[in-house]
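Fold and contact review
Residues per chain are reported as follows:
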Amino acid sequence: MWWPELEPELAARRTQGLYRTLVPLLARQGPWVILEGKKVLNLCSNDYLGLAGHPRLAEACARAARDWGAGAAASRLVSGDLALHEQLEDKLARFKGTETALLYSSGYQANLGVIATLMREGDLILSDALNHASLIDACRLSRARVLIYRHRDLNHLEDLLRAHRSYRRKLIVTDGVFSMDGDLAPLPGLLELAAGYGAGLYVDDAHATGVLGAAGRGAAEHFGLDPRRLLIMGTLSKALGGFGAFLAGPEVVRSYLVNFSRPLLYTTAPPPPMVAVALEALEVLQEEPWRRQRLWELTAWFRTELRRAGFNTLDSETPIIPVVVGEAEPTLTLAGELLRQGIFLQAMRPPTVPPGSSRLRLSLTAAHTREDLERALDALVTAAKKLNLIPGG
Ligand code: PMP
């Protein structure tokens, strides 16, 4: 068999410091986890509001498993379409302020399932240079022509739009919050360009849903934009503490996807317990606004302290805070040193981030305390000085 031929590529990753392994958490309680037999503080989850371990979500999950069963047992168009799915979609549409919503099994699948269905050969996609991998894959799968505009650069985007006016069907695709940099897409400017050039605007709101905006509705709420002018992909797996995703948009798009979106049609419907978890999470989101408030207070304080200590946190404006080191090896060394100090952070390396911009990706949650983060900051500063990554070593 030819499997051994895979080895050289793995070996190359090892020598470049880019090799990946899976290391399981042995237990989890809030932001504290047991890793390699040791209790450490998790600073790299997407559980922004601390809902993943919320007792109300666990209870809703168990109740739905008892009432509806563990799995949906078929795809939506066969016999897997449950009243529970439709209930969640109604609630998500109201939450996002759009006409409809449509569930997908995951954010990755939603991006593939929407973009590659709406766009095809002969169409034009304009994609931010730092878009998430699932958006990149969705653009490729669509077979549309894909033009990459420089990160958050409206002038570059406009140049491209002007030079390619003749495409009838155009879609601008962007993360709302960029998952590795923690900065925001310039949505008002993007929407203006979209309107001016007759393009659609697709926003991946994975890291904004539950986090951005006064009520946590996402990037459109944050910028005061009418969400009905956008196509919005939101996930249930990050701030909402569960699993799954959805497209929020107009009825005609929903109907089209129900008819043509292969990642929706040819897969089993989301399991009832996870649908119930999302319904409950939306209630908790509304009833416990202190979570979002606390998240933003911790974020503002922590980011200021990191910058004061001399770390390069790029243009982060959200609870995702990169600490850019540069090359892969020293980033791994820093992560290893921090783990010894009881702080769990992942080294983000190419191809996840551009070459030369390896980093620790810190993400905060409302479940962290100020004391937790003070400890983390101390450990970061000490380790980075020791490794000469910031001045003062
Ligand atoms: N979009 C972005 C911006 C993401 O960061 C992620 C997850 N890392 C996804 C989509 C995929 O979402 P899911 O984990 O639900 O597949």
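Residues numbered from 1 in each chain as written. Predicted model: local features only at pLDDT ≥ 70, side-chain atom pairs only at ≥ 80, totals over all residues. Heavy atoms only, no water.

What follows concerns the site of the ligand. Around the ligand, 14 residues are found, and the nearest of them are Gly107, Tyr108, Asp204, His207 and Lys238. A distance of 3.0 Å separates an oxygen atom of the ligand from a polar backbone atom of Tyr108. A distance of 2.6 Å separates an oxygen atom of the ligand from a polar side-chain atom of His207. A total of 390 Å² of accessible area belongs to the ligand in isolation, and the protein chains cover 82% of it. (Near = heavy atom within 4 Å. Polar contact = N/O pair within 3.5 Å; in protein donor to acceptor, adjacent residues only side chain to side chain. Areas by Shrake-Rupley, 256 points an atom, 1.4 Å probe, with all protein chains shown as cover.)

Right, let's talk about the nonpolar core for a bit. In terms of nonpolar packing, the biggest core is built from 85 residues, with Ile172, Phe302 and Leu360 touching the most fellow members. Look past the residues within four positions of Ile172 in its chain and what remains in contact with it is Leu126, Tyr149, Leu157, Leu161, Leu190, Ala194, Ala199, Gly200, Leu201 and Tyr202. (Core = buried A, V, L, I, M, F, W, Y, C linked by side-chain atoms within 4.5 Å. Buried < 20%, exposed > 50% of the residue type's maximum accessible area, 1.4 Å probe, protein only. Contact = heavy atoms within 4.5 Å.)

A few words on the layout of surface pockets. Taken as a whole, the second largest pocket holds about 300 Å³ of empty space. If you trace the second largest pocket, you find 15 residues lining it, with Leu118, Leu171, Gly200, Leu231 and Val253 closest to the centre. Listing elements by their share of the lining of the second largest pocket, those giving two or more residues are strand S7 (170-175), strand S8 (200-204) and helix H10 (251-260). With 3 residues, H10 is the single largest residue contributor to the lining of the second largest pocket. Its residues assigned to classes, the lining of the second largest pocket shows 10 nonpolar, 1 polar and 4 charged. (1 Å grid on protein atoms, 1.4 Å probe; cavity = no way out; pocket = protein on both sides within 12 Å on 5 of 7 lines; lining within 4 Å. Points joined across faces, edges and corners; volume = space filled by probe spheres on them. Helix = DSSP H or I, 4+ residues; strand = E, 2+ residues; numbered from the N terminus. Nonpolar A, V, L, I, M, F, W, Y, C, P; charged D, E, K, R; others polar.)

With that settled, consider the pairing of strand S3 (residues 38-42). Regular strands have side chains that alternate between both faces of the sheet. Where strand S2 (residues 32-35) lies against S3, 4 bridges are found, and the strand directions are antiparallel. Paired with Trp32 across the two strands is Leu41, which belongs to S3. Connecting the antiparallel pair S2 and S3 is a turn made up of 2 residues, with Glu36 showing a positive phi of about 50 degrees. Bridge count for S3 against strand S12 (residues 343-344) is 2 bridges, and the pairing is parallel. Each residue of the ladder has a partner; that of Asn42, found in S12, is Phe344. (Pairing = 2+ DSSP bridges.)

As a further point, take the pairing of S7. Taken across its 6 residues, S7 has 6 buried, putting it largely inside the fold. Residues Lys170, Ile172 and Thr174 line one face of S7 and the alternating positions Leu171, Val173 and Asp175 line the opposite face, and both faces are buried. As paired elements, strand S5 (residues 124-128) and S7 share 4 bridges and run parallel to each other. Opposite Ser127, over in S7, you have Val173 as the bridge partner.

Glancing now at the side chain of Thr235. Looking at where Thr235 falls in the secondary structure, it is placed in strand S9 (residues 231-235). By relative accessible area, which is 3% here, Thr235 ends up buried. Within polar-contact distance, the side chain of Thr235 engages the backbone oxygen of Ala206 at 3.3 Å. Residue contacts for Thr235: discarding those within four places in its chain leaves Gly107, Ala206, Thr209, Leu240, Gly244, Ala245 and Phe246.

Below, the discussion takes up helix H12 (residues 272-287). Look at H12: 23 Å from first C-alpha to last across 16 residues, which is about the 22 Å you get at 1.5 Å a residue. Across the 16 residues of H12, 12 count as buried, placing the element largely inside the fold. Residues of H12 that are buried in the fold lie against helix H2 (55-68), helix H4 (83-96) and helix H13 (290-308). (Expected span 1.5 Å × (residues − 1).)

It is worth spelling out the pattern of salt bridges at this point. By the definition in use, this model includes 24 salt bridges. Its salt-bridge partner being Lys91, residue Glu283 comes within 2.2 Å of it at the nearest N-O pair. Taken together, the positions of Glu283 in helix H12 and Lys91 in helix H4 put the pair 192 residues apart, joining distant regions of the chain. Relative accessible area serves as the criterion here: at 19%, Lys91 is assigned to the buried category. For Asp226, the salt bridge identified is with Arg228, shortest N-O distance 3.1 Å. (Salt bridge = Lys/Arg side-chain N within 4 Å of Asp/Glu carboxyl O.)

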